[in-house]
Amino acid sequence: MKCAYSAAILDRFLDEGIAFDYCIGVSAGAGNLVSYLAGQRGRNLRFFTEHIHDPEYFGLRSLLKTGDLFGIRHIYGDLTQAGGKDPLDFPVFLENPAEYEAAVTNALTGAPEYFGKDAMKQDDYSLIMASSAIPVACRPVEMNGIPYFDGGLADAIPVRRAREKGCGRMVVILSKNRDYVRKPQGLRLLYRGACRKYPKVVERIERRHLAYNENLREVFALERDGQAFVLAPSEPLHVGTYSMKEPAEQALYDLGLKDFAAQRDALQAFLSPGAPRERPSTETV
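All values reported here derive from a predicted model rather than from experimental measurement. (Residues numbered from 1 in each chain as written. Predicted model: local features only at pLDDT ≥ 70, side-chain atom pairs only at ≥ 80, totals over all residues. Heavy atoms only, no water.)

Draft legend 1. Representation of the overall build of the chain in the model. The helix and strand inventory of the chain stands at 11 helices and 8 strands. Relative to its length of 285 residues, the chain is compact, with a C-alpha radius of gyration of 18 Å against a globular reference of 19 Å. Principal axes of the C-alpha set define a box for the chain whose edges measure 55 × 40 × 35 Å. With 285 residues in all, the chain has 55% of them scored as buried. By element, 53% of the accessible surface of the chain is carried by carbon and sulfur atoms, the whole surface being about 12500 Å². The average position of the 36 basic charges and that of the 37 acidic charges among the side chains of the chain differ by 6 Å. (Helix = DSSP H or I, 4+ residues; strand = E, 2+ residues; numbered from the N terminus. Rg over C-alpha atoms; globule rule 2.2 N^0.38 Å. Buried < 20%, exposed > 50% of the residue type's maximum accessible area, 1.4 Å probe, protein only. Areas by Shrake-Rupley, 256 points an atom, 1.4 Å probe, with all protein chains shown as cover. Lys, Arg positive; Asp, Glu negative; His and termini not counted. Charge placed at Lys NZ, Arg CZ, Asp CG, Glu CD.)

Draft legend 2. Examining unusual backbone geometry more closely. Backbone geometry places Val136, a non-glycine residue, at a positive phi of 80°. Turning to its location among the elements, Val136 is positioned in the loop between helix H7 (126–131) and strand E4 (141–143). Taking the relative accessible area as the measure of exposure, Val136 reaches 38% and is therefore partly exposed. Unlike most non-glycine residues, Leu187 shows phi in positive territory, near 55°. Tracing the sequence through the fold places Leu187 in the loop between strand E6 (169–173) and helix H9 (188–194). Judged by its relative accessible area of 64%, Leu187 is exposed.

Draft legend 3. Layout of the environment of Gly59. Position of Gly59 among the secondary structure elements: in the loop between helix H3 (43–49) and helix H4 (60–66). In sequence terms Gly59 and Tyr242 are 183 residues apart; their C-alpha atoms lie 9.9 Å from each other. If we skip the residues at most four places from it in the chain, Gly59 touches Asp68 and Leu69. (Contact = heavy atoms within 4.5 Å.)

Draft legend 4. Inspection of the packing of aromatic side chains at higher detail. Scanning all chains against the criterion turns up 14 aromatic pairs. Seen in terms of ring centroids, Tyr57 and Phe70 are 6.0 Å apart; in terms of plane orientation they differ by 50°. Their pairing is tilted. Pair noted here: Tyr57 is in the loop between H3 and H4 and Phe70 is in the loop between H4 and helix H5 (72–78), with a separation of 13 residues, a long-range link. Its relative accessible area of 10% is what places Phe70 among the buried residues. Plain terms: the ring middles of Phe115 and Tyr148 are 5.8 Å apart, the flat faces sit at 80° to each other, and that makes the pair edge-to-face. Of this pair, Phe115 sits in strand E3 (residues 112–116) while Tyr148 sits in strand E5 (residues 146–150), and the two are 33 residues apart along the sequence. Among the residues examined, Phe115 registers a relative accessible area of 18% and is labelled buried. (Phe/Tyr/Trp six-rings, centres within 6.5 Å; stacked < 30°, edge-to-face > 60°.)

Draft legend 5. Representation of helix H2 (residues 28–37) within the structure. Taken across its 10 residues, H2 has 10 buried, putting it largely inside the fold. The complete set of buried residues in H2 reads Ala28, Gly29, Ala30, Gly31, Asn32, Leu33, Val34, Ser35, Tyr36 and Leu37. Immediately beyond the C-terminal end of H2, within one or two residues, lies Gly39, with a positive phi of roughly 70°.

Draft legend 6. Molecular detail of the nonpolar core. Ranked by size, the top nonpolar core spans 71 residues in total, and within it Phe13, Tyr100 and Met120 carry the most contacts. Ignoring sequence-local partners within four residues, the contact set of Phe13 consists of Ile18, Phe20, Tyr36, Val171, Ile173, Leu231, Phe260, Leu267 and Thr282. Counting 18 residues, the second largest nonpolar core, distinct from the first, contains Ile157, Leu174, Tyr212 and Val230. (Core = buried A, V, L, I, M, F, W, Y, C linked by side-chain atoms within 4.5 Å.)

Draft legend 7. View of the pattern of salt bridges. Enumeration over the complete set of coordinates arrives at 21 salt bridges. Residue Asp86 pairs with Arg46 through a salt bridge whose shortest N-O separation is 2.6 Å. You can see Asp86 sitting in the loop between H5 and helix H6 (90–95) and its partner Arg46 sitting in helix H3, a full 40 residues away along the chain. Owing to a relative accessible area of 27%, Arg46 belongs among the partly exposed residues under this scheme. (Salt bridge = Lys/Arg side-chain N within 4 Å of Asp/Glu carboxyl O.)

Draft legend 8. Expanded view of the pairing of E3. Relative to E3, strand E2 (residues 99–106) runs antiparallel, the two being bridged by 5 bridges. The partner of Thr105 across the bridge, within E3, is Pro112. (Pairing = 2+ DSSP bridges.)

Structure, rendered in structure tokens:
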């Protein structure tokens, strides 16, 4: 739910006509990027302020119906399909020349994997569901017979993947403050029990704080070297992973608009024709 911030940034990219050759998203960031690439300004915001009131979005009804506390099959299925309340313009997304990838975590190996547009089709958005399937809160999502969990477990901020894809410069949208330091995961007995079929996932959860903090240091090193432009919330967050408070989500979106305005000129300079012309990318997590 912290990705209401990146929803604002991506809407402003649409306003300014800012496009990228390559886009990669993780968890809710993967879903936000799809709306951005489909040119659907404001669509992401509705998923953080309007649709959160649906009984099947989060909570007991979702849990009883699908086995997921967080209703990813409702969000990226019922609501998003062509006949849904807020459909994705999939043909426009598909025709966008930007390459798109979403990061997922293989539940059997614990390794990160990356899939693109060829893993998606009209009304089948299993890839986004898989990238957003938080262990314990969600069941794994199967693709090609393999179970997957949230991509943030294995590759929270995929700058290495972007570099592998040839991106020498990148815009990174973070969902947490710059000074955020991830702590070891609590509720050990809960996640160990819920994920006992997937010992590699348990290992990922127990080391996630170490991997994330190292990942963040890598992002800021790229920023210092002029290879990354980082957008991150400039004020303390009042939104948690499972926040369902519309005013707080709207405030986080508004902060994204404010932060973009403050950094607009610097971002335009970073993206200007005079800057080094390595392949540009955007990442949202």
